[in-house]
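For reference, the chains in residue letters:
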Amino acid sequence: ASDSSNPLNTTIVDPDKDTVNVEAWWEDDGTKHKSLLRGKPRVKGGVFETVRYLDVEDKDVLVCESKFLPSEFESSSSSFKYGSVLWKFRRVA
């Protein structure tokens, strides 16, 4: 496992068949996994940031916080705006 001082960097082909760069590491003593996806041509340089961790109050719930951060080089009139979503997955088995 990589920590924030030594992140894992790799290139993958995503489900849209775009070749993208991914940087990933563990934070908070290995309790939060963070990743950044960069280089997706369809969003003109924006970054997808995701943090995954077990809920503090209920360890049967995996929390996934995802954000889209538009490129600072795109004009404010760009159709790509900041966005975020919070997913919670409950273990059922």
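Everything below is about the structure shown above.
As the structure is a prediction and not an experimental result, all values here were calculated from the model.

Asker: In this structure, what is going on with the overall build of the protein chain? I would like to understand it.
Answerer: For the protein chain, the helix and strand inventory stands at zero helices and six strands. Mapped from its N terminus to its C terminus, the protein chain presents α and β elements in the order β-β-β-β-β-β. Dimensions of the protein chain, computed from C-alpha atoms along their principal axes, come out at roughly 40 × 25 × 25 Å. Within the protein chain, buried positions represent 29% of all 93 residues. Taking as baseline every contact in the protein chain between residues at least 6 positions apart, the subset at least 24 positions apart corresponds to 19%. Of the roughly 6,700 Å² of accessible surface on the protein chain, a fraction of 53% belongs to carbon and sulfur atoms. Measuring between centres, the 14 positive side-chain charges of the protein chain sit 5 Å from its 16 negative side-chain charges.

Asker: I keep staring at the pairing of strand E4 (residues 47–54) and nothing clicks. Help me out?
Answerer: Walk down a regular strand and you will see the side chains alternate between the two sheet faces. As defined by bridge partners, strand E3 (residues 32–38) adjoins E4 across six bridges and the pair is classed as antiparallel. Bridged to His 33 within E4 is Arg 52. Here E4 runs beside strand E5 (residues 61–69); their pairing, made up of eight bridges, is antiparallel. The residue of E5 that forms the bridge with Glu 49 is Lys 67. Linking E4 back to E5 in an antiparallel pair, the connection comprises six residues.

Reading the values: the criteria
Residues numbered from 1 in each chain as written. Predicted model: local features only at pLDDT ≥ 70, side-chain atom pairs only at ≥ 80, totals over all residues. Heavy atoms only, no water. Helix = DSSP H or I, 4+ residues; strand = E, 2+ residues; numbered from the N terminus. Buried < 20%, exposed > 50% of the residue type's maximum accessible area, 1.4 Å probe, protein only. Contact = heavy atoms within 4.5 Å. Areas by Shrake-Rupley, 256 points an atom, 1.4 Å probe, with all protein chains shown as cover. Lys, Arg positive; Asp, Glu negative; His and termini not counted. Charge placed at Lys NZ, Arg CZ, Asp CG, Glu CD. Pairing = 2+ DSSP bridges.

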